[in-house]
Amino acid sequence: MIECMVLGDSIAVGYQQHRTECVVYAKVGLNSWEWNKTYKPDGMMAETVIISLGVNDHEYVRTERELRTLRDKVYAKRVYWIMPSTNSVAQALVKRIASERKDMIITTNKLASDNIHPSPAGYKELVEKSR
C-alpha cells in the first residue's frame with residue numbers, strides 16, 4: 001500500500017515538494033470539479049492522504065458535491081485536509097466533511113505574500129502536523 005498520497009491544487013503541489021516521498025495527484029490552478037474530471041478518483045488508497053482543494057472554487061463549482069465525490073473514493077487510515085485560506089464557503093464545507101468522516105484539518109498562518117499559499121515555513125508546519 002502507498003504510504004502517503006497528496007491530492008489537490010497548487011497548495012498540494014507545494015506540500016508534496018516538502019514531503020517528496022508522497023505520491024501526488026495535483027495540478028496548479030485546479031478547482032474541485034476540475035480535479036475530479038482530471039483524475040477521475042476511483043479507489044485512492046494510502047496509509048495517509050492529504051487533500052487540498054476548494055481555494056480555487058467559484059460560484060459555478062458545486063464544491064460540496066465535488067469534495068464529497070473525492071472523499072467518498074479515498075480509503076486511508078488517516079486523512080488530512082489543508083484548510084483553504086481564502087474561500088469561506090470551502091472552509092465551511094471542509095470542516096463539515098472532515099467532521100463527518102473523522103478526518104483531521106491542518107492549517108497554517110504562515111503564508112506567502114499572496115496570502116493564499118503557505119510560505120516555506122508554512123509548508124514545513126503543515127508537513128509536521130500531518131506526520
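Before going into details, it helps to say that this report is about the structure given with it.

About the criteria used
Residues numbered from 1 in each chain as written. Predicted model: local features only at pLDDT ≥ 70, side-chain atom pairs only at ≥ 80, totals over all residues. Heavy atoms only, no water. Helix = DSSP H or I, 4+ residues; strand = E, 2+ residues; numbered from the N terminus. Contact = heavy atoms within 4.5 Å. Phe/Tyr/Trp six-rings, centres within 6.5 Å; stacked < 30°, edge-to-face > 60°. Buried < 20%, exposed > 50% of the residue type's maximum accessible area, 1.4 Å probe, protein only. Disulfide = S-S within 2.5 Å. Pairing = 2+ DSSP bridges. Axes fitted to C-alpha atoms, helices over the stretch in contact; angles between N-to-C directions. Salt bridge = Lys/Arg side-chain N within 4 Å of Asp/Glu carboxyl O.

### Considerations on the side chain of R71
Stage number 1. Along the chain, R71 falls in helix α3 (residues 63–72).
Stage number 2. Apart from the residues within four sequence positions on either side, R71 is in contact with I51, V79, W81, I97, R101 and D103.

### Some thoughts on the packing of aromatic side chains
Stage number 1. A full pass over the atoms with the stated rule returns two aromatic pairs.
Stage number 2. Ring centres 5.9 Å apart and planes at 75° place the aromatic pair Y25 and Y39 in the edge-to-face group. Of the two residues, Y25 sits in strand β2 (residues 23–26) while Y39 sits in helix α2 (residues 32–39), which places them 14 residues apart along the sequence.
Stage number 3. The partly exposed category is assigned to Y39, whose relative accessible area is 24%.
Stage number 4. Put simply, the rings of Y25, W35 and Y39 pair up and form one aromatic cluster.

### A closer look at unusual backbone geometry
Stage number 1. Unusually for a residue other than glycine, K102 sits at a positive phi of about 60°.
Stage number 2. Relative to the helices and strands, K102 is located in the loop between α4 (88–101) and β5 (104–106).
Stage number 3. Exposure remark for K102: the relative accessible area of 72% places this residue in the exposed category.
Stage number 4. Located in the positive-phi region is N115, a residue other than glycine, with phi close to 60°.
Stage number 5. With respect to the helices, strands and loops of the structure, N115 is situated in the loop between β5 and α5 (120–129).

### Examining the state of the cysteines
Stage number 1. The final tally for this structure, using the stated rule, is one disulfide.
Stage number 2. Covalently, C4 is tied to C22 through a disulfide, its sulfur atoms 2.0 Å apart. Of note, the bridge from C4 to C22 carries an S-S torsion of about 80° and is right-handed in sense. Taken together, the positions of C4 in strand β1 (residues 4–8) and C22 in the loop between α1 (10–17) and β2 put the pair 18 residues apart, joining distant regions of the chain.
Stage number 3. By relative accessible area, C4 is classed as buried at 1%.

### Comments concerning the sheet that holds β5
Stage number 1. Strand order in the open sheet formed by five strands is β2-β1-β3-β4-β5, and the pairing between neighbours is parallel. The open sheet has two edge strands, β2 and β5, and neither has a second partner. Taking the axes of each pair of neighbouring strands and ignoring which way they run, one obtains an average angle of 25° across the sheet.
Stage number 2. Strand direction decides the pairing type here: β1 and β2, joined by four bridges, are parallel. If you follow V6 over to β2, its bridge partner there is V24.
Stage number 3. Across the sheet, α1 is in contact with β1, β2, β3 (44–52) and β4 (74–82); its angle to β1 comes to roughly 155°.

### Brief notes about the pattern of salt bridges
Stage number 1. The final tally for this structure, using the stated rule, is 11 salt bridges.
Stage number 2. Between R19 and E21 there is a salt bridge, and its shortest N-O distance comes to 2.9 Å.
Stage number 3. Of the residues examined, R19 reaches a relative accessible area of 6% and is grouped as buried.
Stage number 4. One salt bridge connects R131 with E21, and the closest N-O pair in it is separated by 3.3 Å.

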